[in-house]
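Here are the chains, one letter per residue:
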Amino acid sequence: MEPAGRTRCSNPSWRARSATASGRPSIELAPTWSPAPIPAACCTWRPPASTCATPSSWSRRPSIWTEPAAAGARNGCPVDTGPVRLPLMRWSKLFIPTLRDAPGDAEAASHRLLVRGGFMRQLHAGHYSLLPLGLRVHDKVERIVREEMNAIGAQEFLLPAMHPASVWEQSGRWQLMGDEMFRLTDRKGADLALGMTHEEVIAGIATEVSSYRMLPQLWYQIQWKFRDEPRPKAGLLRVREFAMKDSYSFDIDEAGLDASFDLHHDAYVRIFERLSLPAIPVEASSGAMGGSDSIEFMVPSPAGEDDVVRCVACGYAANIERATSQLEPVADPAEAAALERFATPGVVTIAALAAFEGGAPADRQLKSLIMVADGEMVAAVLRGDHQLNLQKLSDALGVAAIRPAEPEETEAALGAKPGSLGPVDVSGVRVVVDRALEGRTNMVTGANADGFHLRGVSIERDVQVDLWADLREVSAGEACPNCGRPLEIVRCIEAGHIFKLGRKYTEAMGVTVLDEDGKTRVPIMGSYGIGIGRGVAAIAETFHDDNGLMWPVAVAPYEVVITVVNVKDEASTAAAQALYDELRAAHVDVLLDDRNARAGVKFADAELIGIPFRITIGPRTLGDGEVELTPRRTGDTTVVAIEAIAAEVTALVADAR
RNA sequence: CGGGCUGUGGCGCAGUUUGGUUAGCGCGUCGGUCUGGGGGACCGAAGGUCGGAGGUUCAAAUCCUCUCAGCCCGACCA
């Protein structure tokens, strides 16, 4: 979808040459590329004379600065004209509303700093306006993603954001998606949805692929997606509308899918490298989408919402929804005792049963958790001291919705309240048992009668197991399943997710091709996503300090800021202007802080908005023909001869792009 | 959906318990003077339906009822 408020352009030659997916000319920053001349009437918006409010002070005090290629000011409003059309980059004319205080209710660092730095403003929960500075970063992230997708031969599409219910009904997801999908009705009463993803739409187009000769295809789009999140939070990290790169691969067979998947894996590694994000590829659950070989790219951050289990020794990494570990064996008494029911008045917790005379330690108890999975009652059975991971149970059962049963439901199904439940002699309830319990004997569990427990329970003998599965959530410090070293748990932001989809959507949408034998085949799909705005937030979370953001050069809104300490010093302004012109000519993204403000304000703002390199021009050093260079990351200032600074900074920037 | 908290100029907050002059403070903004290497000083100014609706009262930011919104925790969540 074309986000509201962005420039529209109907000139086909312009659009064909450099339009982006969102229909908006991208900022051109490549040092080797100059835009061809553009019809002046098309995409270069100028304020009509009548709307160009000209503060009287502008005419009274003509600017001491000039634009290199500018024909001058039009109606008092500076415009950037001339053969190379670069955006104006003088702070005094830009809208960069920095704040001394962040909104009181913002907690995540990225949220606070992106608002304070004038990158974005909240419209309402989960919906943010990107201000010019924020859009520049967003654009650069988007551009890197686009370049790497193009590099693996993927082709970009622009797809509708609003979909008829019919395509979602065809795949079965009109029901499945529930409240997370925004739905609306048009004037004719037809049901519509705002797309939360585009499998259905893209598979619909893929019906036109008719021969194996046209496969594989890698298709992608970078567009606005809508999800009615139950709880938007943390600024851009979890929102209800956002730009996302989604790509889809179509292959004739599994081997082809493997290749497409690997291409994406490599592309994602490169993308996160270019974004400077230390993303960890981890094994993940593919959730309600089904499929296999699901890999998430996780960026460690306390602001994240996922836990990753990681082994620093051997590199094992998995989402906690998938992670496993080695367990210390528990010694059960050798002789398998007979099943025996005993009274346990008032004992309804694992801890109480461990302390109870005739009970057993937690690791020799069976814990039964009653769940409702897609409407069916299920008992999840784990060792007493183990935690259930709901996603693991959900994956094992292959269900979409799962929740703990209400106490009344539990009592109706098993005849006892929670606290006295057990897996022995149950009927009408599917029993799923954690693999950690294999072979265990002489355990203690609830008797499904309030106030009674059973001892002498041996799993294989006494429990009717419907399904063995890994249900247990790994804890920090347990042994790595590969190498046995202690595992750690890291909170992470999910920055990307790739997985093999299978044939669910190609089948549903009726995609078929003829293979080399003339037989009809259903292509197999992969699905690969990266959230652009979430990437921006993840970078902000990763790179900041007490003074503000610290953008990597590749995504910084500006690569260099020239801070003029005192704009009333003519030598300073002249030197700054010359340097500004020189850096612009070298295609460096340079911001000239020409504001008539005190030096402290400018330094603080430059640090807050996180420009990677600051060049300070002031009388202190200029008399000696020198300026200062301060990288944002280190804060170390070096003095550089004014003739040498442009070349040095250009090289530093080029090196870091 | 459950629990907790909060809505007062652009931002951050006080005032609400115990109703009572013209609703304050800091920052920011605008004009001016001085200043000019780490959010400077002084003078002057603009800017507020106290989230909304209804009610109680001589009188409501303050009390009552309803409602809307936002944030945090949990649940949930390609």
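Trainee: Any chance you could explain the overall build of chain A here in plain terms?
Mentor: Tallying secondary structure elements over chain A gives 18 helices and 33 strands in all. Here the contacts in chain A between residues at least 6 apart in sequence split such that 69% fall between residues at least 24 apart. Carbon together with sulfur atoms contributes 51% to the accessible area of chain A, which is approximately 29,000 Å² in total.

Trainee: I keep staring at the nonpolar core and nothing clicks. Help me out?
Mentor: Soluble globular proteins tend to bury their nonpolar side chains together. Within the largest apolar cluster, 94 residues are counted, with the highest numbers of intra-cluster contacts made by Trp551, Ile562 and Ile615. Each of domain 2 (143-278 + 498-537) and domain 4 (558-656) accounts for three or more of the residues forming this core. With sequence-adjacent residues up to four places away left out, isoleucine 562 is seen in contact with Ala576, Leu579, Tyr580, Leu583, Val590, Leu591, Leu592, Asp593, Ile615 and Ile617. Membership of the second largest hydrophobic core comes to 27 residues, among which are Val201, Ala203, Ala206 and Ile252.

Trainee: Looking at this structure, I do not really get helix H7 (residues 199-206). What am I missing?
Mentor: Note: α-helices contain 3.6 residues per turn, so residues at a spacing of three or four share the same orientation. Extensive coverage of H7 is indicated by the burial of 6 of its 8 residues. The complete set of buried residues in H7 reads Glu199, Glu200, Val201, Ile202, Ala203 and Ala206.

Trainee: What should I look at first to understand the pairing of strand S32 (residues 626-631) in this one?
Mentor: Within a regular beta strand, the side chains point alternately toward one face of the sheet and then the other, so they alternate between its two faces. Alignment of strand S31 (residues 613-617) against S32, held across 4 bridges, turns out to be antiparallel. Within S32, the position partnered with arginine 614 by the bridge is threonine 630. Sheet analysis places S32 next to strand S33 (residues 638-641), joined by 4 bridges and oriented antiparallel. Among the inter-strand pairings, leucine 629 is bridged to a residue of S33, identified as threonine 638. The loop that links S32 with its antiparallel partner S33 comprises 6 residues; one of these, glycine 635, has a positive phi angle of about 75 degrees.

Trainee: Help me understand the protein's contact with RNA strand B in this model?
Mentor: In the vicinity of RNA strand B there are 48 residues, among which Arg100, Thr197, Glu199, Lys568 and Arg620 approach most closely. Within 4 Å of the protein, the contacting atoms of RNA strand B are 46% sugar and phosphate, with bases supplying the remainder. A distance of 3.2 Å is found between a base nitrogen of RNA strand B and a backbone nitrogen or oxygen belonging to alanine 597. In this structure, a base oxygen belonging to RNA strand B sits 3.3 Å away from a side-chain N or O atom of arginine 614.

Trainee: What's the story with the packing of aromatic side chains in this structure? I'm lost.
Mentor: The geometry of an aromatic ring pair comes down to the distance between the two centres and the angle between the two planes. Applying the stated criterion across every chain yields a total of 7 aromatic pairs. Considering the side-chain rings of tyrosine 268 and phenylalanine 297, the 5.4 Å spacing of their centres and the 50 degrees angle between planes classify their relative orientation as tilted. Taken together, the residues span a long stretch of sequence, with tyrosine 268 in helix H8 (residues 254-274) and phenylalanine 297 in strand S12 (residues 292-300) at a distance of 29 residues. By relative accessible area, which is 0% here, tyrosine 268 ends up buried. Under the relative-accessibility criterion, phenylalanine 297 is labelled buried at 1%. Among the aromatic side chains, those forming a connected cluster through ring pairs are Phe157, Trp219 and Phe250. Between arginine 341 and the ring centre of phenylalanine 452, over which it is positioned, the NZ or CZ distance is 4.2 Å.

Trainee: Would you take a moment to explain the pairing of strand S16 (residues 366-373) for this structure?
Mentor: Across the 8 residues that make up S16, a large majority, 7, are buried. When S16 meets strand S17 (residues 376-383), the two strands line up antiparallel, connected through 8 bridges. When the bridges of S17 are listed, isoleucine 370 appears paired with alanine 379. Pairing between S16 and strand S18 (residues 402-404): 3 bridges, direction antiparallel. Bridge assignment links alanine 373 to a residue of S18, and that residue is isoleucine 402.

Trainee: Got a minute to help me understand the packing of helix H4 (residues 132-151) against helix H14 (residues 532-542) in this structure?
Mentor: When two helices pack together, you describe them by how their axes are tilted relative to each other and by the distance separating the axes. H14 packs onto H4 with a crossing angle of 110 degrees between their chain directions and a minimal axis gap of 9 Å. When the axes of H4 and H14 are compared, the pair comes out roughly perpendicular. Considering only the axes of H4 and H14, their crossing is right-handed. Residues Val137, His138, Val141, Glu142 and Val145 of H4 touch H14, and the partners they reach there are Ile532, Gly533, Val536 and Ile539.

Trainee: Before we go on, may I ask you to explain the state of the cysteines in this structure?
Mentor: Here is the idea: a disulfide is a covalent bond, and it sits between the sulfur atoms of two cysteines. Scanning all chains against the criterion turns up 0 disulfides. Cysteine cysteine 311 is unpaired, with the sulfur of cysteine 483 as its nearest cysteine sulfur at 3.5 Å. The class of cysteine 311 is buried, set by a relative accessible area of 2%. Sulfur of cysteine 314: no disulfide; nearest cysteine sulfur belongs to cysteine 480 and is 3.6 Å away. Take cysteine 314: its relative accessible area is 37%, and that puts it in the partly exposed class.

Trainee: Hey, could you run me through the sheet that holds strand S20 (residues 443-449) in this one?
Mentor: Sheet strands associate in pairs through backbone hydrogen bonding, adopting either a parallel or an antiparallel arrangement. Pairing within the open sheet is antiparallel, and its 3 strands lie in the order S15-S21-S20. Among the strands making up the open sheet, the edge pair consists of strand S15 (340-343) and S20. Going from strand to strand, the sheet's axes swing by 35 degrees on average, the running direction of each strand aside. Here 4 bridges tie S20 to strand S21 (residues 452-457), and the two strands are oriented antiparallel to one another.

Trainee: For this particular structure, what's the right way to read helix H16 (residues 599-609)?
Mentor: Considered for burial, the residues of H16 that qualify are Lys602, Asp605, Ala606, Leu608 and Ile609. End-on view of H16: buried residues confined to an arc of 160 degrees, all on one side of the axis. Elements that come into contact with the buried residues of H16 comprise helix H3 (109-116), H4, strand S28 (548-549), strand S29 (560-564), strand S30 (590-593) and S31. Taken from the residues just after H16, glycine 610 is the one with a positive phi, measuring 80 degrees.

Trainee: Got a minute to help me understand the pattern of salt bridges in this structure?
Mentor: Side chains that carry opposite charge are capable of pairing whenever their charged atoms lie near each other. The tally for this structure, following the rule as stated, stands at 34 salt bridges. Two residues, arginine 238 and glutamate 229, come together in a salt bridge whose shortest N-O distance is 2.8 Å. For arginine 461, the salt bridge identified is with aspartate 462, shortest N-O distance 2.9 Å. What makes arginine 461 partly exposed here is its relative accessible area of 44%. Taken together, the salt bridges that share partners define one network made up of Arg143, Glu147, Glu148, Arg270 and Arg274.

Trainee: In this structure, what is going on with the packing of H3 against H14? I would like to understand it.
Mentor: For the pair H3 and H14, the least separation of the axes is 8 Å and the interaxial angle reads 100 degrees. Comparing their axes, H14 and H3 come out roughly perpendicular. Between H3 and H14, the contacting residues are Ala109, Ser110, His111 and Leu114 on the first element and Ala537, Ala540 and Glu541 on the second. Partitioned by chemical class, the residues of the contact of H3 with H14 number 4 nonpolar, 2 polar and 1 charged.

Trainee: I keep staring at the sheet that holds strand S6 (residues 162-164) and nothing clicks. Help me out?
Mentor: Taken in spatial order, the 3 strands line up as S6-S8-S7 in an open sheet, and their pairing is antiparallel. What marks the edges here is a single partner per strand, and that holds for S6 and strand S7 (183-185). The average angle at which neighbouring strand axes cross in this sheet is 35 degrees, direction not considered.

Cut-off values and rules
- The residue count restarts for each chain, going from 1 along the sequence in the order it is written.
- Following the order in which they are written, the chains are lettered starting with A and the ligands numbered starting with 1.
- Local features in this predicted model are restricted to residues whose pLDDT is 70 or higher, and side-chain atom pairs enter the listing and the counts only when it is 80 or higher, whereas totals over whole chains, interfaces and linings include all residues.
- By convention in this description, side-chain values take in all heavy atoms of the structure and omit both hydrogens and water.
- Numbering of helices and strands runs from the N terminus; a helix is a DSSP stretch of H or I covering at least four residues, while a strand is a stretch of E covering at least two.
- By the convention used here, residues are in contact when the closest approach between their heavy atoms is within 4.5 Å.
- Only the protein chains shown count as cover for residues, with accessible areas throughout obtained via the Shrake-Rupley method and a probe of 1.4 Å.
- Note on terminology: a nonpolar core comprises buried Ala, Val, Leu, Ile, Met, Phe, Trp, Tyr and Cys residues joined through side-chain atoms within 4.5 Å.
- Only protein chains enter the accessibility calculation, which uses a 1.4 Å probe. A residue is then buried if its area is under 20% of the maximum for its type, exposed if over 50%, and partly exposed in between.
- Per the annotation, domain bounds derive from an automatic or database assignment of domains.
- For two strands to pair, DSSP has to find at least two bridges joining them.
- The cutoff for a nearby residue is simple: one of its non-hydrogen atoms must lie within 4 Å of the molecule or strand.
- The definition of a polar contact used here is a pair of N or O atoms within 3.5 Å, where within protein one atom must be able to donate a hydrogen and the other to accept one, and adjacent residues in sequence count solely through side-chain atom pairs.
- Here is the rule: rings of Phe, Tyr and Trp (six-membered ring for Trp) pair when centre to centre is within 6.5 Å. Planes less than 30 degrees apart are stacked, more than 60 are edge-to-face, and the remainder are tilted.
- Criterion for a charge above a ring: Arg CZ or Lys NZ at most 6 Å from the ring centre, at most 35 degrees from the ring normal.
- For helices, the axis comes from a line fit to the C-alpha atoms of the stretch in contact; other axes are also lines fit to C-alpha atoms, and the angle between any two N-to-C directions lies between 0 and 180 degrees.
- With respect to orientation, any angle under 35 degrees is reported as roughly parallel, any angle over 145 as roughly antiparallel, any angle of 65 to 115 as roughly perpendicular, and every other angle as oblique.
- Note on convention: near helix rotated counterclockwise from far helix by under a right angle means a left-handed crossing. Clockwise means right-handed.
- Counting rule for disulfides: a pair of cysteine sulfur atoms within 2.5 Å.
- What the arc measures is the spread of directions leading from the helix axis to the C-beta atoms.
- Salt bridge, as used here: a side-chain nitrogen of Lys or Arg that lies within 4 Å of a carboxyl oxygen of Asp or Glu.
- All residues other than Ala, Val, Leu, Ile, Met, Phe, Trp, Tyr, Cys, Pro, Asp, Glu, Lys and Arg, Gly among them, are scored as polar; the first ten of these are nonpolar and the last four charged.

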